[in-house]
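Given next are the chains, with one letter for each unit.
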Amino acid sequence: MEHDYPEQPGWVRLPGYDEDPRYPHDADDSRGYRRGAGARGSGVRRVRQASNWTAALLIAGVAATTGYFAHHAPPATPATSAVTSVPGGTAATRAHKPSLSAPVATSSGSGVTVGTGPGGTRIVTYRDN
Amino acid sequence: MAVMGPEGARDWCSVDVGAATVGVAERDALGTTARVVVWPPNWTGRVLAAVDAELALLDEQASRFRDDSEISLVQRCFSAATRPRSAHPGDATRRGSCIVSEGLAEAIAVALAAAEWTGGLVDPTVGGALHGLGYDRDFAALPQGAAGEAAPPEPGYVPGWQSVRLDGRRLRLAAGVRLDLGATAKGLGSDRAARAAAACVPGGGVLVSLGGDIAVAGEAPLGGWPVLVSDEPGQHGREPAARIARPVCAPEEPPGRQVRLSAGGLATSSIRCRQWRRGGRTLHHIVDPRTGLPAAGTWRTASVAAASCAEANAAATAAIVAGEQAAGWLAAQGLPARLVAHDGSVRLLGGWPATVGGLVKVPVTPRMPAAPSGRPDGTRRPPEDLSGPARPDRVR
């Protein structure tokens with residue numbers, strides 16, 4: 001619903017008020033309805049055009065960003081089939097590398113020694129790890 | 001606590017090393033102890049099954065203590081077909097041959113490559129000498145003779161690695177050759193097992209230790225796998241896990257005893273274990289091929305890091321046998337090493353870290369040839385500086 005208000009004292013006409021050729025200046029300035037409608041229509045068209053360009057740019061930007069992450073983001077799970085075949089298995093990534101503070105294995109000579117215990121019993125000792 | 005894995009994994013016991021971010025398990029295997037460390041820990045069961053398969057294969061292929069192993073079968077075949085009295089290196093080409101499995105062929109090839117690389121100081125034909133010294137069965141079943149119970153051991157016969165010919169899978173042995181792959185087989189087993197295990201842990205990492213010969217594969221933890229290098233004499237009973245799980249920053253540690261490993265392998269050879277007594281003498285399992293007797297060099301323990309555990313294993317054993325020449329050879333090879341003399345003094349070589357928990361920088365490229373370049377006429381390549389100038393003739 002739209003309508004024009006009669007001009008009031010102190011109002012200033014917007015630039016371009018008389019420039020739209022489809023709405024020539026009417027000698028009867030008291031009938032301002034057509035002039036107002038023309039100015040409004042022109043503004044709406046400009047806004048629509050700007051909105052279309054903005055929307056197109058946004059869509060293109062989102063598409064480009066989506067494509068980038070689709071190709072560069074680390075996969076959520078390893079690509080090998082072994083991952084899915086083990087219940088409870090999770091993908092290990094560099095981000096999850098453990099940090100170990102204590103030795104987890106010992107390198108020594110092929111450490112089996114045989115000794116004699118109480119009562120002459122043989123005691124075999126494994127001590128490699 | 002018995003563990004742990006699903007199908008195929010057997011007899012493993014979980015080990016608490018004070019870190020929940022890795023799974024650790026061990027069991028007896030190949031006459032020693034196998035330990036496996038895995039991250040993330042939820043893959044441990046599958047990894048243990050893979051390691052089991054590799055260890056079983058190696059045992060079936062290369063154990064000289066199993067009558068039904070492939071190498072025992074091959075040995076019997078050659079023993080029946082040859083006449084030892086006429087044996088000498090080079091006979092192999094005139095005698096029969098047999099086709100061995102790919103796995104045994106690889107194990108023999110690695111042993112021969114190690115022999116050539118070390119100028120013959122690591123020799124797979126010391127099996128006869130070891131047998132003669134009394135090491136003729138699984139060590140745990142070895143009788144401990146009392147002093148004076150038997151005559152002092154005689155030097156054993158070492159035919160030399162050139163008496164073994166391997167062409168693809170076709171094997172020829174000279175008469176009287178008794179193979180012992182002990183200087184490289186455990187390292188090779190660790191390498192195989194680590195590779196197979198790493199394939200089960202996409203994005204994670206594994207450490208496999210066979211009797212202290214360690215191979216790692218996959219992604220190492222931050223800063224590398226922390227490893228303790230041991231030179232201590234044996235203690236009765238299995239070493240408790242709590243002993244291992246001590247902080248890296250213990251101030252009283254000898255130099256280079258706690259290191260980190262991010263790739264390749266680390267192996268230790270020592271004359272302080274696998275000892276037995278015979279004829280009033282204490283013997284050990286590292287035979288000097290030049291004398292046919294247990295090595296009596298400068299170092300009692302040698303730890304070496306290399307691109308693979310088999311290579312590290314061969315280098316460590318060669319260092320024990322080589323004695324004084326070992327340091328120069330290891331330095332020339334660019335291999336990080338830690339040598340312990342009989343008086344307990346420690347010598348670090350090739351960038352082996354002196355700081356506690358330092359990272360061992362392992363060479364990326366192997367130093368040991370992938371296969372021996374054996375000569376068809378059976379002649380021996382001149383020994384490199386590792387062998388030293390004073391090289392006595394072999395003893396028969």
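Computed from a predicted model, the values in this text were never measured in an experiment.

Participant: Tell me about unusual backbone geometry, and name the residues and values.
Facilitator: Between W39 of chain B and the following residue, P40 of chain B, the backbone shows a cis peptide bond with an omega angle of -5 degrees. Positionally, P40 of chain B belongs in the loop between β3 (32-39) and α1 (44-62).

Participant: Account for the pairing of strand β5 (residues 164-167) of chain B, naming residues and giving values.
Facilitator: Pairing of β5 of chain B with strand β6 (residues 170-173) of chain B involves four bridges; the strand directions are antiparallel. Residue pairing for β6 of chain B: L166 of chain B is matched across the bridge by L171 of chain B.

Participant: Go over the sheet that holds strand β1 (residues 105-107) of chain A, please, and point to the residues and values.
Facilitator: If you walk across this open sheet you meet the four strands as β1(A)-β9(B)-β10(B)-β19(B), and the pairing is mixed. At either margin of the open sheet sits one strand with a lone partner, and together these are β1 of chain A together with β19 (358-359) of chain B. As paired strands, strand β9 (residues 225-229) of chain B and strand β10 (residues 258-261) of chain B are joined by four bridges and run antiparallel to one another. Paired with V227 of chain B across the strands is V259 of chain B, a residue of β10 of chain B.

Participant: Describe the confidence of the model for chain B, listing the residues and the values that go with them.
Facilitator: All names here are of chain B. With 72% of its residues at a pLDDT of at least 70, chain B reaches an overall mean of 78. Here helix α6 (residues 241-244) is the element of chain B with the lowest mean pLDDT, 40, and strand β8 (residues 213-218) is the one with the highest, 96. Here residues 387-396 is modelled with pLDDT under 50, and outside its nearest four sequence neighbours on either side it reaches 16 contacts, counting other chains as well. This complex was scored by the predictor with a pTM of 0.68 and an ipTM of 0.77.

Participant: Please provide a residue-by-residue account of the nonpolar core, values included.
Facilitator: All names here are of chain B. Judged by nonpolar contacts, the single largest core of 113 residues is most densely connected at V36, V47, A197, V206, V304 and A319. Here this core takes eleven residues from helix α7 (residues 309-322), the largest share from any one element. Setting aside residues no more than four positions away along its own chain, V206 makes contact with V36, V37, V38, V47, A194, A197, A198, V201, V216, A217 and G218.

Participant: Residues and numbers for the packing of helix α3 (residues 102-117) of chain B against helix α5 (residues 182-198) of chain B, please.
Facilitator: Residues and elements named next belong to chain B. At their nearest, the axes of α3 and α5 sit 9 Å apart, and the two run at 125 degrees to each other. Here α5 runs oblique to α3, going by the angle between their axes. The interaxial crossing formed by α3 with α5 has right-handed handedness. Contacts between α3 and α5 involve A107, V110, A111 and A114 from the former and A183, T184, A185 and L188 from the latter.

Criteria and cut-off values
Think of each chain on its own: its residues are numbered from 1, step by step along the sequence as written. Numbering of ligands from 1 and lettering of chains from A proceed in the order in which they are written. Only residues with pLDDT of 70 or above have their local features reported here, since the model is predicted, and side-chain atom pairs are shown and tallied only from 80 upward, although totals for entire chains, interfaces and linings are computed over all residues. Only DSSP runs of H or I with at least four residues qualify as helices, and only runs of E with at least two residues qualify as strands; both kinds are numbered from the N terminus onward. When DSSP finds two or more bridges between a pair of strands, those strands are recorded as paired. On a range of 0 to 100, pLDDT expresses the predictor's confidence in each residue. Once C-beta atoms are placed from the backbone, any two residues with those atoms within 7 Å are in contact. The nonpolar core is taken to be a set of buried Ala, Val, Leu, Ile, Met, Phe, Trp, Tyr and Cys residues joined by way of C-beta atoms within 7 Å. To assign burial, the other C-beta atoms lying within 10 Å of each residue's own C-beta are counted, with C-beta atoms placed from the backbone; 20 or more indicates buried, 12 or fewer indicates exposed, and intermediate counts indicate partly exposed. As a rule, the C-alpha atoms of each element are fitted with a line to give its axis, helices using only the stretch in contact, and angles between N-to-C directions run from 0 to 180 degrees. In this scheme, roughly parallel covers angles under 35 degrees and roughly antiparallel covers those over 145, while 65 to 115 is roughly perpendicular and the rest are oblique. It is the rotation of the near helix from the far one that decides the hand of a crossing: anticlockwise by less than a right angle makes it left-handed, clockwise makes it right-handed.

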